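# Residue-level structural notes
Letter by letter, the chains look like this.
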Amino acid sequence: MATIASPQATTLSNDEILRYSRHLIMPEVGMAGQQRLKAARVLCIGAGGLGSPLALYLAAAGVGTLGLVDFDVVDFTNLQRQIIHATDDVGRPKLDSAAEKLTAINPAISIQKFETRLSSANALDIIRGFDIVADGTDNFPTRYLVNDACVLSGKPNVYASIFRFEGQASVFATQNGPCYRCLYPEPPPPGLVPSCAEGGVLGILPGLLGVIQATEVIKLILGSGNPLIGRLLLVDALGMRFKELHLRKNPECPVCGANPTVRELIDYNQFCGIRGEEAPVTTAVPEIRPEELKARLDAGDDVFILDVREPHEYQICNLGGHLIPLGELPARMSELDSSREIVAHCRSGVRSAKAVTLLRQAGFGKVTNLAGGILAWSDKVDPTVPKY
Amino acid sequence: MKVLIPAALRQYTGKQSAIDLPPGTVEDVLRQLTSQFPELRKQLFGDDGTLRKFVNLYLNDEDIRYLQNQNTAVTADDTLSIIPSVAGGCVQPD
């Protein structure tokens, strides 16, 4: 079991005894357990979907020191799932919004804010001041960074990740347990993991997984129960099924194995194959701007609009285009007339660019991509079209 | 036997989450799976035909890397789970 810095003189005040009474009357926690919670220092990486419920419950439980790492501001679309943030917080730094709510729940805890992007230059320094790390990030380079930094620092990494309506959770980087690289030695090259035309995430899902993370953090602090060390918990929210897979520590793991080759933090963007900023959509396909398309349509030109989004997106808003989801396009090209001028569009122009490439390769000579998709149409031509 | 398809890959299997296939080795099962769903092949295998390193396969609850890899025998009562790595977080639609 992970060892946390010993409680020493973390006595509980009368107020704290009353606040945590429901913990104290349980033998699994008791005074000793609550003192361990008070002495514990937990670093929450990310104050978003996973970080919201995680931090809220750790604060409520009386974890004495909470570190928060996030450089982002609250976005309107976050509110569907990042429940630590409220409508009035839109536009504010997530750290400020989060710290406020956590202090309101439990003024006695100490909150340390790190409004920065975690990087190889700062990760070890930041982690040094904490006992346990909870990884609530949303990209591969940071996941590998956090993992390696935790292994190198000897701090457990309570991990969770979500995708649409499924999630994973485990505890990595303990002394005898596996690390993230034991499970996935290499990340997927960018663009290969189905970034998924359907995207999205069920709002409750990070709630489910974030609380699982908080549970595991608390168990590690208390030294109670069976933590998810060497266990990968798989959650399927739609089926409401929980499954467990056995994770082994890889003796040849380059980070946590018997003969580690990674002894310092590396360039994780390079490791994950990302060079500099994410490249924008290739502009190799011929494009038409929304204003140009509008002008053509107003002039009565015969332009066929092909919408390559998914049916449920069509329901949100559409330009009256003919819907063939991108995934079905190869099989349904016969529905299209190559003698007509076709403008393909999707939400932001990425999928439709692929559609244009496909169609041109199939001999359609008069296909262009609506630059910026229906989002740009809303911006430039018709603001009544909702953005999503 | 049953192959369990994760959410990330169901767009390649006509949205099915579980595929029934006859028993054999893992290699046999994957061959049948990808011949039934050719678009799955690129997600699971690299150009050199080897299984992608960010995809794990579990026979019931054990990683096949710690069993006999692609030679692992899969019986009629077994389940093969495909577990790709996901970074988590909301994936914005394109």
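Residues numbered from 1 in each chain as written. Chains lettered and ligands numbered in written order. Predicted model: local features only at pLDDT ≥ 70, side-chain atom pairs only at ≥ 80, totals over all residues.

## Describing the overall build of chain A
Check the secondary structure of chain A and you find 15 helices and 13 strands. Considering only C-alpha atoms, chain A reaches an extent of 80 × 50 × 40 Å along its principal axes. Each of the 388 residues in chain A was classed as buried or not, and the buried ones make up 45%. For chain A, the proportion of contacts with a sequence separation of at least 24, taken over those separated by at least 6, is 68%. (Helix = DSSP H or I, 4+ residues; strand = E, 2+ residues; numbered from the N terminus. Buried ≥ 20, exposed ≤ 12 C-beta atoms within 10 Å, placed from the backbone. Contact = placed C-beta atoms within 7 Å.)

## Section: the overall build of chain B
Tallying secondary structure elements over chain B gives two helices and seven strands in all. Start at the N end of chain B and walk to the C end: the helices and strands fall as β-β-β-α-α-β-β-β-β. A globule of 94 residues ought to have a C-alpha radius of gyration of about 12 Å, and chain B, at 13 Å, matches this closely. Looking at chain B residue by residue over its 94 residues, the buried ones come to 33%. (Rg over C-alpha atoms; globule rule 2.2 N^0.38 Å.)

## So, the environment of I5 of chain B
Residues and elements named next belong to chain B. The residue I5 is located in the loop between β1 (2-4) and β2 (18-20) in this model. In this structure, the C-alpha to C-alpha distance between I5 and Q16, residues 11 residues apart in sequence, is 7.3 Å. If sequence neighbours within four positions are ignored, I5 has contacts with R10, T13, Q16, S17, A18, I19 and I82.

## What about the pairing of strand β10 (residues 303-307) of chain A?
Residue and element names in this part refer to chain A. Both β10 and strand β12 (residues 341-345) contribute to a ladder of five bridges, which runs parallel. In the sheet register, L306 faces β12, and the bridge partner there is A344. Here β10 runs beside strand β11 (residues 322-323); their pairing, made up of two bridges, is parallel. Bridged to D307 within β11 is L323. (Pairing = 2+ DSSP bridges.)

## Quick look at the packing of helix α4 (residues 51-61) of chain A against helix α5 (residues 94-105) of chain A
Residues and elements named next belong to chain A. The N-to-C vectors of α4 and α5 enclose an angle of 30 degrees; their axes lie 9 Å apart at closest approach. Taken together, α4 and α5 sit at an angle that is classed as roughly parallel. Helix-helix and strand crossings are classified by hand; for α4 and α5 the assignment is right-handed. Residues A55, L56, A59 and A60 of α4 lie in contact with α5, whose contacting residues are A98, L102 and I105. In the contact of α4 with α5, the residues fall into seven nonpolar, no polar and no charged. (Axes fitted to C-alpha atoms, helices over the stretch in contact; angles between N-to-C directions. Parallel < 35°, antiparallel > 145°, perpendicular 65-115°, else oblique. Left-handed = near helix turned anticlockwise from the far one by under 90°. Nonpolar A, V, L, I, M, F, W, Y, C, P; charged D, E, K, R; others polar.)

## Comments concerning the sheet that holds strand β9 (residues 287-288) of chain A
Two orientations exist for strands paired in a sheet by backbone hydrogen bonds: parallel and antiparallel. Residues and elements named next belong to chain A. A sheet is described by the order of its strands in space; here five strands give the open sequence β9-β13-β12-β10-β11, paired in parallel fashion. With partners counted over all chains shown, the strands left at the sheet margins are β9 and β11, one partner each. In this fold helix α14 (residues 350-361) packs onto β10, β12 and β13 (367-370), with an angle of close to 175 degrees to the strand it touches most, β13.

## Examining unusual backbone geometry
One can expect most non-glycine residues to show negative phi and most peptide bonds to be in trans. Phi at R164 of chain A is positive, roughly 60 degrees, even though this residue is not glycine. Note on placement: R164 of chain A falls in the loop between β5 (157-163) and β6 (166-172). Look at R164 of chain A and you get buried, because 21 C-beta atoms sit within 10 Å. With a phi angle near 55 degrees, N60 of chain B is a residue other than glycine that sits in the positive phi range. Here N60 of chain B is to be found in the loop between β4 (55-59) and β5 (62-63).

## Remarks on the domain arrangement of chain A
Split by domain assignment, chain A resolves into domain 1 (14-271) and domain 2 (287-380). Computed from C-alpha coordinates alone, the two centres of domain 1 of chain A and domain 2 of chain A are separated by 41 Å. (Domains from an automatic or database assignment.)

## Let's talk about the environment of F364 of chain A
In this structure, F364 of chain A sits in the loop between α14 and β13. Along the chain, F364 of chain A and G167 of chain A lie 197 residues apart, while their C-alpha atoms are 41 Å from each other.

## Some thoughts on α14 of chain A
Residues and elements named next belong to chain A. Spanning 12 residues, α14 covers 17 Å between terminal C-alpha atoms, matching the ideal 16 Å at 1.5 Å per step. Among all positions of α14, only R351, S352, A353, K354, A355, V356 and L359 are buried. Buried positions along α14 lie against β10, α13 (329-332), β12, β13 and α15 (373-380). Trailing α14 by a residue or two, G363 shows a phi angle of about 100 degrees, which is positive. (Expected span 1.5 Å × (residues − 1).)

## With respect to α4 of chain A
All names here are of chain A. In terms of burial, α4 is a largely internal element, nine of the 11 residues being buried. Regarding α4, the residues found buried are G51, S52, P53, L54, A55, L56, L58, A59 and A61. Just beyond α4, the residue with positive phi is G62, at close to 90 degrees.

## With respect to the confidence of the model for chain B
Residue and element names in this part refer to chain B. Here chain B averages 87 in pLDDT, while 90% of its residues score no lower than 70. Low confidence marks residues 88-94, where pLDDT is under 50. Its contacts with residues over four positions away, or in another chain, come to 28 contacts. Model confidence for the complex is summarised by a pTM of 0.85, with the ipTM given as 0.84. (pLDDT = per-residue confidence, 0-100.)

## Quick notes on the nonpolar core
Residues and elements named next belong to chain A. Core analysis: the biggest nonpolar cluster contains 92 residues, and V42, L43, C44, A55, L58, A134 and V217 have the highest contact counts within it. The greatest single-element share of this core, amounting to 10 residues, is contributed by helix α9 (residues 205-222). The contacts of V217, once residues within four sequence positions are left out, are V42, L58, I132, A134 and V158. The next biggest cluster of nonpolar side chains, apart from the first, holds 22 residues, and it includes V285, V343, F364 and V367. (Core = buried A, V, L, I, M, F, W, Y, C linked by C-beta atoms within 7 Å.)

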